[in-house]
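So you can see what is in the structure, the chains are spelled out below.
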Amino acid sequence: MAECGRRALSLLEEARSRYESLQISDDVFGESGDDSSENPFYSTTGDSNSDNYTETNPDDARAGETRGQNCGPPGSVSNGQAQEEGWSDSLQDLSVPHYQDTHGPTQKMPATATAMDFFQLFVPDNVIQNMVTQTNMYAKKYQERFGSDEGWTNVTLAEMKAFLGYVTSTSVNRCESVLSIWSSGFFSNSSIALKMTQARFEKILKYFHIVAFRSSQGGSQGLYKIQPFLDSLQQSFASSFRPSQTQVLHEPLIDEDPVFITTCTERELRKRKKRKFSLWVRQCSSTGFICQIYVHLKEGPGPNGLDTLKNKPQLHSLVAKQLCQNLAGRNAIIFTGPSITSLNLFQEFEKQGIYCCGLLSTRKSDCTGLPQSMLINTEAPQQRGQSHIKMRGNMSIINWYNKGNFRFLTNAYPPTKEGVIIKRKSGEIPCPLAVEAFAAHLSYICKYDDKYSKYFIFHKPNKTWQQVFWLTISIAINNAYILYKMSDAYHVKRYSRAQFGERLVEELLDMDDCSPTQ
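Residues numbered from 1 in each chain as written. Predicted model: local features only at pLDDT ≥ 70, side-chain atom pairs only at ≥ 80, totals over all residues. Heavy atoms only, no water.

S.K.: Is there a simple way to explain the overall build of the protein in this structure?
M.R.: In terms of helices and strands, the protein carries 17 helices and 12 strands. Burial status across the protein gives 53% buried among its 518 residues. Considering only contacts within the protein whose residues lie at least 6 apart along the sequence, 70% involve residues at least 24 apart. Here the protein displays about 24100 Å² of accessible surface, and carbon together with sulfur accounts for 48% of that area. (Helix = DSSP H or I, 4+ residues; strand = E, 2+ residues; numbered from the N terminus. Buried < 20%, exposed > 50% of the residue type's maximum accessible area, 1.4 Å probe, protein only. Contact = heavy atoms within 4.5 Å. Areas by Shrake-Rupley, 256 points an atom, 1.4 Å probe, with all protein chains shown as cover.)

Structural data, given as structure tokens:
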């Protein structure tokens, strides 16, 4: 019995050692408490709540029954064709070239740096001043067309910062309406309400703009009112931080607040319009820093012809190329969900020095060129941890069983090396190293989503460009906190994410005498 305990502990220590070698750090989670010290190896089971990364066995079984046991997904090749095209059970070792970049913050922030200093790495004064200029221009043109507004005076830089602070406060207090600040209800806040009257805030909200008028050159169609800000934000993300070798392409968790959904009336639900855009990100899987964002409008024209695409795998493939266009030649490893994973995309990325590891789905993935024998379920019972691998060149397709069949496509990890998934109840489950790496990195990003999505700005405007603006501001604040956690300033004042948000609001409102709630 003691021997079994020592063996289990040894496996756990080996797994943790590999996990640390992947450069994953829980430091980013701040106030996460016990959760950040738990065993990081989660099983990629079919009952996970992340639809982007999982594939349930019952659905696969139904798909197999529909297509028949000898027929795989569209585009896949039969066993004979697979052999002819080079897919083989003979496995070879491979090594991914060394990462061609350093990782971490690009500049050392002083120990005296404030929350505002970190935020202004991404949204500096000149960007806020442009909001001032554009808002005043829009107000002037609006009043020339519809009549003067007696209560309006041009907004100043200090007022615009306070305006941003008021809306940002909804991410800390989690209130649906920013106007609750001036009310007498539960979400009222008399300390910050005194910095600006409700009437003045509503005037700024009425005229607020990033780009007041459409350029004669057209711009980015539906996003022209926010595109300059998005471009500036992208540049600041890239210039402030270099990600680690392992990165994830996915849609972050930006759904409606579940507490609101369960408590609101059916009429309120009908009134809430569905988002007309989707947001994709490239995220450093060792820190959670979001390196690049891509906004896709679901309706209307869009850049690069993405609006004309109805085939989701093709659309998501083009989104992936947009997100990875700056990674060529760096030997980065990209983790992808089923809608992005495809043989053609991974081969194209490999030519650019980008390596991939992705979860496959017979329903969501483009399975063109993959062997059918690896994509259909066998009737023979399988044991947990059992795997079957085929290889062609540097590309491996993995069929791994764990309460259901899970399939992976990768050229980033050698198929000859084994890993382990460790669960508290089930113990250790053997798996190929690629599966262990995928589970470790994706579970880390899921933890990031679960915790940091709590601090997205709750203000929900009707206009799409404004929704995108406040969402990206939320991402910028989360990124600012990650840089703060990695700086000397954190060792001086160890703010949690909530305290960091409170302090940022106070600094935007120029309230020097305030300190965050403990």
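S.K.: Even after reading the chapter, I still don't get unusual backbone geometry, so can you show me in this structure?
M.R.: Most peptide bonds adopt trans geometry, and most residues besides glycine take a negative phi value. At K403, a position not held by glycine, the phi torsion is positive, near 55°. Relative to the helices and strands, K403 is located in the loop between strand 9 (395-401) and strand 10 (405-410). A relative accessible area of 55% means that K403 is categorised as exposed. We note that D510 has phi near 60°; this positive angle belongs to a residue other than glycine. Mapped onto the elements, D510 comes out in the segment after helix 17 (497-508).

S.K.: Mind showing me how you'd approach helix 14 (residues 433-452) here?
M.R.: An ideal rise of 1.5 Å per residue puts 28 Å on 20 residues; helix 14 measures up with 29 Å between its terminal C-alpha atoms. Counting buried positions over the 20 residues of helix 14 gives 18, a clear majority of the element. (Expected span 1.5 Å × (residues − 1).)

S.K.: Could you clarify how one ought to interpret the nonpolar core in this entry?
M.R.: Where a protein is soluble and globular, its nonpolar side chains tend to be buried together. Ranked by size, the top nonpolar core spans 82 residues in total, and within it F118, F122, V123, M131, Y166, F229 and F469 carry the most contacts. A total of 14 residues in this core trace back to one element, the largest contributor, which is helix 15 (residues 464-485). Each of domain 1 (79-104 + 219-453) and domain 2 (118-214 + 461-509) accounts for three or more of the residues forming this core. Sequence-distant contacts of F122, defined by excluding residues within four places in its chain, comprise L233, S236, F237, S240, F289, A476, N479, A480 and L483. (Core = buried A, V, L, I, M, F, W, Y, C linked by side-chain atoms within 4.5 Å. Domains from an automatic or database assignment.)

S.K.: Looking at this structure, how should I read the pairing of strand 5 (residues 290-297)?
M.R.: Taken residue by residue, a regular strand's side chains alternate between the two faces of the sheet. Among the eight residues in strand 5, eight count as buried, and that is most of the element. Two strands pair when backbone bridges link them, and strand 4 (residues 277-284) and strand 5 are joined in this way by seven bridges, in the antiparallel orientation. The partner of F277 across the bridge, within strand 5, is L297. Between strand 4 and the antiparallel strand that follows it, strand 5, lie five residues; G288 among them carries a positive phi value of about 90°. (Pairing = 2+ DSSP bridges.)

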